[in-house]
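Chain residues, written in single-letter form:
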Amino acid sequence: MFKNVIVYRVGEGWAPTLAQIEDSLDAERFVPCGASQEKSVGWVEPRGEAHGPLVESVAGQLILKLKIETKSVPGSVVTRKAKERSVHIEATTGRKPGKKELREIKDDVRMSLMPLAFTKESSVVVWIDLAARLLVIDAGSQAKADEVVTLLVTSLAGLSVTLLNTQMSPQAAMTAWLISQEPPPGFSVDRECELKAADESKSVVRYVRHPLDTQEVKQYVEGGKLPTRLALTWDSRVSFVLTEALQLKKVAFLDVVFEATSAEKDEGFDADVAIATGELCKLLPDLFEALGGEMVVA
């Protein structure tokens, strides 16, 4: 749970009950794509149990899950079928279809093949910490997170969110850490980094499973290459890759995190949520502090 982390600040004054959230989400419950429908988006049971609640509360932390189903027909198939139709029209009428008619033929072919298309499913976990007024989305891209936020704001009346920003940009902080070779307190620099040139060359240097406390890395950064990704570990408990956009990628909870629960064999949804949110509740404030604190938007 939570391989990626994109953090938002929840606006003041929004304090719904669990029942109110459940009712609101039910109106946007996921429905599979129809025969000719290309995409369907909606809320599903986070626990994965049919007919269960759409919002789960574990130790006061709220967990939701958005499901996305898409259907697509390969472009090469559409082009081939459309060409066959175009050839048939020209052979039977002596008239070659124009550009507008070709587009219409392609659209018609795509829609006619849609019922036969395979579906692709994905889901995004959403965590709301009402006490801390934080919204965390497990999305691999900002575009996917934006899609989730749009439906969240539509579904939950009164909810407003803004991307959380820090006083120091992640890129500036990562640059300082690599040059000084001193990570912030509580963090260690791992063995993965991406550096990009700021000039027109746009050249990129990537280090994977490679020590970063070297003179070579320092010279690259001092020479103007800017870090866009840097692998870090927090408190020897959680490893992740920090990006220039303040996103956390490749989040992994290390063995020490599970030692306390291994004796009880505590497994399942509740344990996963409790462990993930419990660690991130402590990691995120430390990371924001390392970046100069949160930038408060007036």
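Residues numbered from 1 in each chain as written. Predicted model: local features only at pLDDT ≥ 70, side-chain atom pairs only at ≥ 80, totals over all residues. Heavy atoms only, no water.

Points about the overall build of the protein
- A tally of helices and strands in the protein yields eight helices and twelve strands.
- In terms of C-alpha radius of gyration, the protein reaches 24 Å, well past the compact-globule figure of 19 Å for 298 residues.
- With respect to the three principal axes, the spread of C-alpha positions in the protein is 75 × 55 × 45 Å.
- Counting across all 298 residues of the protein, residues that qualify as buried make up 43%.
- Approximately 16000 Å² of the protein is accessible, and the part contributed by carbon and sulfur atoms is 52%.
- Computing the positive centroid from 35 side-chain charges and the negative centroid from 43, the protein places the two 11 Å apart. (Helix = DSSP H or I, 4+ residues; strand = E, 2+ residues; numbered from the N terminus. Rg over C-alpha atoms; globule rule 2.2 N^0.38 Å. Buried < 20%, exposed > 50% of the residue type's maximum accessible area, 1.4 Å probe, protein only. Areas by Shrake-Rupley, 256 points an atom, 1.4 Å probe, with all protein chains shown as cover. Lys, Arg positive; Asp, Glu negative; His and termini not counted. Charge placed at Lys NZ, Arg CZ, Asp CG, Glu CD.)

Quick look at the nonpolar core
- Grouped together as the largest cluster of nonpolar side chains are 43 residues, with contacts concentrated most on F240, L242, L248, L283 and L284.
- The dominant element in this core, judged by the number of residues it contributes, is helix α8 (residues 269–290), at nine residues.
- Contacts of L242, omitting those with residues within four sequence positions, involve P170, M174, W177, T228, R229, L230, L232, Q247, L248 and L287.
- Among the nonpolar cores identified, the runner-up in size contains 27 residues, and L62, L64, A139 and L156 belong to it. (Core = buried A, V, L, I, M, F, W, Y, C linked by side-chain atoms within 4.5 Å. Contact = heavy atoms within 4.5 Å.)

Points about the pattern of salt bridges
- Here the structure, examined in full by the defined rule, presents 15 salt bridges.
- Note that R47 and E56 form a salt bridge whose closest N and O atoms lie 3.1 Å from each other.
- The partner of E192 in a salt bridge is K250, and the shortest N-O contact between them spans 3.1 Å. Linking E192 in strand β8 (residues 187–197) with K250 in strand β12 (residues 248–253), this pair joins segments that are 58 residues apart in sequence.
- Beyond isolated ion pairs, a larger network of salt bridges with shared partners links D26, R29 and E45. (Salt bridge = Lys/Arg side-chain N within 4 Å of Asp/Glu carboxyl O.)

Quick word on the pairing of strand β6 (residues 134–137)
- With burial as the criterion, each face of β6 is covered, one bearing L134 and V136 and the other bearing L135 and I137.
- Here strand β1 (residues 6–10) pairs with β6 via four bridges, running antiparallel. Bridging across to β6, V7 finds its partner in V136.
- Sheet topology note: the strand β5 (residues 119–129)/β6 ladder contains four bridges and is antiparallel. Among the inter-strand pairings, I128 is bridged to a residue of β6, identified as L135.
- Linking β5 to β6, which pair antiparallel, is a turn of four residues; within it R133 sits at a positive phi near 55 degrees. (Pairing = 2+ DSSP bridges.)

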